[in-house]
Amino acid sequence: MTDLPFKSDFLQTLQARGYIHQISHPAELDAAAAGGIVTGYVGYDATAPSLHVGNLISIMMLRRLQQTGHKPIVIVGGGTTKVGDPSGKDESRQMLTEQGIQANIATQRQAFGKFLKFGDGPTDAMIVDNDEWLSKLGYIDFLREYGVHFTINRMLAFDSVKLRLDREQPLTFLEFNYMLMQATDYLELNRRYGCSLQMGGSDQWGNILNGVELIRRVDQKPAFGLTTPLLATSSGAKMGKTAAGAVWLNADMRSPYDYWQFWRNTEDGDVGRFLKLYTDIPLDEIARLEALRGSEINDAKKVLADAATGLLHGAEAAHTARAASETAFEQGALSADLPTVEIPRADLEQGLPIANLTARAGLAGSNGEARRLAQGGGLRLNDVAVADGGALVTLADLNADGVLKLAAGKKKIVLIKPI
């Protein structure tokens, strides 16, 4: 991370909030951002119907770019998704159909409008699909025009390639071309829209540098790269990963209540850092919140959950989620706003082991994990601890509301509804 005394509002903001890991040409970028509008982009491949919390830090960087008077571009990877980015992956991604890719792009778009202002103004955000140009590149022409600027020696040195080779995992020639395609994206955006900044996580540093150098070599124009640290929680867990899987941004894949709970469950040591990265709360207020100690740190976690959920789902959804959580956990009552998991009535007629039910409800990653949770006293059915993971849950356990209240630990709770 650079410690330069930046002059531009953009880099000052990123530095103060902890976003900066690497910058390719820090003094040049700072001067450009201080002297006019910088257009910057981040790319998102359409590998799933929704983006997740792991993508959120780069979306927030685009938000900071716009907040400080610059123009963000969102690239959706209609073209690059057909190849698959090998960065940070042990194995090849499953190939998606054209229809699947376009369906994912359509649903992914929902998130961007929550964080960025789109329009036709000089600093309004725009969305571009890289399939617009990548699908039109004839392969021989592509290799002749761009392939000559990349050496195999250097490509083999990138972490995204070395990871696979060191672990003796296959790296297909298709994936090997990904870094050329990403560099071509940057060159195309520079030519079409004057885009001079690409941002991303630190695992993208090599790919980003390829684009920076391609623009500077081929068109002799200024171009910059900026990356954030790859985030892990204080305990070392990957940011945005839970026992139940990825923390999705789309409400139909993760409810506002569960999203609020994810932030409420932040580890004590991460509260200040996450407030800076994932909310718009002023830094002086964040300093006050992260100084709280003991049980008061829970108040800071609720502020974080309110602010992060409010950005994505709106203030009303955040308020409802908080009220449902406080009703369920602090008052021991039920709330209609708690997440509900539907289970076939026939399964409950026969009886389900509570460990299996817990895993199916997404409160544990496996039956074994649920059993260990029960043995440790962390599993409760209708507010009663269940120590035996093999205990059968049946229709006779339904409460007066006709549902089951299932809780894992102190902070995760769902209602089980037979259908």
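Refer to the structure presented above.
The structure reproduced in this document is the subject of the present report. These numbers were taken from a predicted model, which means no experiment stands behind them.

What counts and how
Residues numbered from 1 in each chain as written. Predicted model: local features only at pLDDT ≥ 70, side-chain atom pairs only at ≥ 80, totals over all residues. Heavy atoms only, no water. Helix = DSSP H or I, 4+ residues; strand = E, 2+ residues; numbered from the N terminus. Expected span 1.5 Å × (residues − 1). Buried < 20%, exposed > 50% of the residue type's maximum accessible area, 1.4 Å probe, protein only. Patch = residues over 30% accessible without salt bridge, like charges linked within 9 Å, V, L, I, M, F, W, Y side chains within 5 Å. Areas by Shrake-Rupley, 256 points an atom, 1.4 Å probe, with all protein chains shown as cover. Salt bridge = Lys/Arg side-chain N within 4 Å of Asp/Glu carboxyl O. Pairing = 2+ DSSP bridges. Core = buried A, V, L, I, M, F, W, Y, C linked by side-chain atoms within 4.5 Å. Contact = heavy atoms within 4.5 Å. Axes fitted to C-alpha atoms, helices over the stretch in contact; angles between N-to-C directions. Parallel < 35°, antiparallel > 145°, perpendicular 65-115°, else oblique. Left-handed = near helix turned anticlockwise from the far one by under 90°. Nonpolar A, V, L, I, M, F, W, Y, C, P; charged D, E, K, R; others polar. Phe/Tyr/Trp six-rings, centres within 6.5 Å; stacked < 30°, edge-to-face > 60°.

As for helix α3 (residues 53-67)
The end-to-end C-alpha distance of α3 is 21 Å, a good match for the 21 Å that 15 residues give at a rise of 1.5 Å each. By the criterion of burial, α3 is predominantly enclosed, with 13 of the 15 residues buried. Phi for G69, located one or two positions after α3, is positive at around 95°.

Some points on a nonpolar patch on the surface
Nonpolar side chains collect at one region of the surface, where I152, L156 and L165 lie side by side and expose about 260 Å² of accessible area between them. The residue L165 is located in helix α8 (residues 159-166) in this model. Taking the relative accessible area as the measure of exposure, L165 reaches 44% and is therefore partly exposed.

A few points about the pairing of strand β9 (residues 340-343)
Here β9 shows a buried face lined by V341 and I343 and an unburied face lined by T340 and E342. The pairing of β9 with strand β15 (residues 412-418) spans 4 bridges and is parallel. Across the sheet, I343 pairs through a bridge with P418, a residue of β15.

Focus: the sheet that holds β9
If you trace the 5 strands from one edge of the open sheet to the other, you get β9-β15-β14-β11-β12, paired in mixed fashion. At either margin of the open sheet sits one strand with a lone partner, and together these are β9 and β12 (384-385). Alignment of strand β14 (residues 404-408) against β15, held across 5 bridges, turns out to be antiparallel. Paired with A408 across the strands is K412, a residue of β15.

Here's the deal with unusual backbone geometry
The backbone phi angle of Q220 is positive, close to 50°, even though this residue is not glycine. Considering the arrangement of structural elements, one finds Q220 in the loop between α11 (205-218) and β6 (224-228). Judged by relative accessible area, Q220 falls into the exposed class, the value being 60%.

So, the pattern of salt bridges
Scanning the model with the defined rule gives 13 salt bridges in all. Across the pair D280 and R63 runs a salt bridge, and its minimum N-O distance is 2.5 Å. Here D280, found in the loop between α13 (271-278) and α14 (283-290), pairs with R63, found in helix α3; they are 217 residues apart in sequence, far enough to count as distant. On the basis of relative accessible area, R63 is assigned to the buried category, the value being 14%. Residue R192 pairs with E132 through a salt bridge whose shortest N-O separation is 3.0 Å.

Concerning the nonpolar core
Grouped together as the largest cluster of nonpolar side chains are 65 residues, with contacts concentrated most on W263 and Y278. Once residues within four sequence positions are removed from consideration, Y278 is found in contact with Y19, L56, I57, M60, L231, M239, W263, A308 and L311. Among the nonpolar cores identified, the runner-up in size contains 23 residues, and L134, Y146, M179 and I215 belong to it.

Here we look at the packing of helix α10 (residues 178-193) against α11
With their axes 8 Å apart at the nearest point, α10 and α11 run at an angle of 50° to one another. Between α10 and α11, the crossing angle belongs to the class labelled oblique. Classified by chirality, the crossing of α11 by α10 is right-handed. Of the residues in α11, those in contact with Y178, M179, Q182, A183, T184, Y186, L187, N190 and R191 of α10 are N207, I208, N210, G211, V212, L214, I215 and V218. Looking at the contact of α10 with α11, its residues break down into 10 nonpolar, 6 polar and 1 charged.

As for the sheet that holds strand β5 (residues 197-201)
Read across the sheet, 6 strands follow the order β1-β6-β5-β2-β3-β4 without closing on themselves; strand pairing throughout is mixed. Among the strands making up the open sheet, the edge pair consists of β1 (22-23) and β4 (126-129). With 2 bridges joining them, β1 and β6 adopt antiparallel strand pairing. Across the sheet, the residue bridging to Q22 is T227, located in β6.

Focus: the packing of aromatic side chains
Enumeration according to the criterion identifies 7 aromatic pairs in this entry. A ring pair is formed by Y44 and F112, whose centres lie 5.1 Å apart and whose planes are at 55°; its orientation type is tilted. With Y44 in strand β2 (residues 39-45) and F112 in helix α4 (residues 98-115), this pair connects stretches of sequence that are 68 residues apart. Residue classification places Y44 among the buried residues on the basis of a relative accessible area of 4%. Clustering of aromatic rings is evident, with ring pairs tying together Y259, F262, W263, F274 and Y278.

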